[in-house]
Amino acid sequence: EKKGKILISGPENITRHPGYDNQPSFHPTKDLLYYTSFNEEGRADIKSYSMATGQTKNITQTAEREYSPTVTPDGQFLSCIIQRDNGAQDLGKYPIEGGQASTIINDLIVGYHVWADNSHLALFILGKEGAPNTLHYLRLPTRSDTILAENISRSLHRVPGEESVSYIAKINKERWEIRKFNIHTFKNERIAETLYGKEDICWTPKGTILSSDGQSLFMLDNGSWKQVSYKGDASFLKGITRLAVNKKGNKLAVVVSE
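Calculation rules
Residues numbered from 1 in each chain as written. Predicted model: local features only at pLDDT ≥ 70, side-chain atom pairs only at ≥ 80, totals over all residues. Heavy atoms only, no water. Core = buried A, V, L, I, M, F, W, Y, C linked by side-chain atoms within 4.5 Å. Buried < 20%, exposed > 50% of the residue type's maximum accessible area, 1.4 Å probe, protein only. Helix = DSSP H or I, 4+ residues; strand = E, 2+ residues; numbered from the N terminus. Contact = heavy atoms within 4.5 Å. Pairing = 2+ DSSP bridges. Axes fitted to C-alpha atoms, helices over the stretch in contact; angles between N-to-C directions. Salt bridge = Lys/Arg side-chain N within 4 Å of Asp/Glu carboxyl O. Phe/Tyr/Trp six-rings, centres within 6.5 Å; stacked < 30°, edge-to-face > 60°. Polar contact = N/O pair within 3.5 Å; in protein donor to acceptor, adjacent residues only side chain to side chain.

Right, let's talk about the nonpolar core for a bit. With 15 residues, the main nonpolar core has L135, I152, L156, V165, Y167 and F181 as its most contacted residues. Those elements that place two or more of their residues in this core are β10 (110-117), β11 (120-125), β12 (134-139) and β15 (164-170). Beyond its immediate stretch of four places on either side in the chain, F181 contacts A122, L135, Y137, L148, E163, S164, V165, Y167, K187 and N188. In this structure, A44, Y67, I105 and V110 belong to the second largest nonpolar core, which totals 13 residues.

Here is the structure:
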């Protein structure tokens, strides 16, 4: 990302695995990418991919299902959604090198999460019995839980360089907005409309928002979506959904359809 422009090149398929590989998340300081992958029994485990060695390893191999691996702010754990056979969806954490899980939240149906800081979380909570999905702000020391918005999407992110978290509000079927709220003032601000009908975004370290219409990548430039330039073969960009950028701003993880 230079002078307001973004160029991507050198694509590499890092999974080459039939089936579900999704929800990428970079380690903040190491050349590691974490993601969720289905095993042969259809159970979701967490894997890590080393960009230095090209090696992949399992972080979890459990009888339950783990989604959305995220390095905790202290760097000691991977927090994730643990989907249990009884229908519960808890937020838990595993030691970052693997081990036994501990539970963070087990009284809500957690769909997605983002750490606002060491002890505060923004959560996508699934509505029960047709109720809308809601955005919660949870203070772990006191377990105080505040509902901030309804009808939100799955895309939750910490805003680079700010004490804010971004989310997507589904105003109606035709209009979805990227918004952010300040974790101290709780001020809620509109940033821009999403690409039509698309809910997956990510932030670069310089504060640029990336998204996709499913076939091409776009960056938000002064309130308007501008297509990102490619160098080389971009034929792999089909059915794009989740995106993630590393903290150095030189690697982009893209989930595409097989």
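The next thing to look at is the sheet that holds strand β6 (residues 65-71). Backbone hydrogen bonds hold the strands of a sheet together, and the pairing may be parallel or antiparallel. Spatially, β6-β7-β8-β9 is the arrangement adopted by the 4 strands of the open sheet, whose pairing is antiparallel. Either end of the sheet is taken by a strand with one partner, and the two such strands are β6 and β9 (102-105). Going from strand to strand, the sheet's axes swing by 35° on average, the running direction of each strand aside. Here 7 bridges tie strand β7 (residues 77-83) to strand β8 (residues 89-95), and the two strands are oriented antiparallel to one another. Bridge pairing in β8 links L78 to Y94.

Turning to unusual backbone geometry, a few remarks are in order. Positive phi, normally seen in glycine, also occurs at R16, with a value near 45°. One can find R16 in the loop between β1 (7-9) and β2 (21-26). R16 gets classed as exposed once you look at its relative accessible area, which sits at 67%.

Spatially, the 4 strands line up as an open sheet ordered β10-β11-β12-β13, and their pairing is antiparallel. Each edge of the open sheet carries a strand with a single partner, namely β10 and β13 (144-150). Averaged over all pairs of adjacent strands, the angle between their axes in this sheet comes to 25°, without regard to strand direction. As paired elements, β11 and β12 share 6 bridges and run antiparallel to each other. When the sheet's bridge partners are listed, L121 is paired in β12 with L138.

The subject of this paragraph is the pattern of salt bridges. Under the criterion given, the structure shown has 17 salt bridges. Note that R84 and E64 form a salt bridge whose closest N and O atoms lie 2.8 Å from each other. Here R84 is found in the loop between β7 and β8, whereas its partner E64 is found in the loop between β5 (56-58) and β6, with 20 residues between them in sequence. Linked through salt bridges whose partners overlap, the residues forming this network are R154, K170, E199, D200 and R242.

Attention shifts here to the packing of aromatic side chains. Summed over the entire model, instances satisfying the criterion amount to 7 aromatic pairs. Relative to Y67, the ring of F38 has its centre 6.5 Å away and its plane inclined at 75°; by these criteria the two rings are edge-to-face. Of this pair, F38 sits in strand β3 (residues 32-38) while Y67 sits in strand β6, placing them 29 residues apart in sequence. A relative accessible area of 14% places Y67 in the buried class. Look at Y137 and F186: their rings are 5.2 Å apart centre to centre, the planes differ by 85°, and that puts the pair in the edge-to-face class. Of this pair, Y137 sits in strand β12 while F186 sits in the loop between β16 (176-182) and β17 (188-193), and the two are 49 residues apart along the sequence. With a relative accessible area of 3%, Y137 lands in the buried category.

On to the environment of I147. With respect to the secondary-structure elements, I147 resides in strand β13. Remark: the alpha-carbon pair of I147 and L123, spanning 24 residues in sequence, is separated by 9.3 Å.

The next thing to look at is the side chain of E177. Residue placement: E177 occurs in strand β16. With a relative accessible area of 2%, E177 lands in the buried category. Within polar-contact distance, the side chain of E177 engages the side chain of R179 at 3.0 Å. Apart from the residues lying within four places of it in its own chain, the contact partners of E177 are Y167, I168, A169, I171, R190, A192, E193 and T194.

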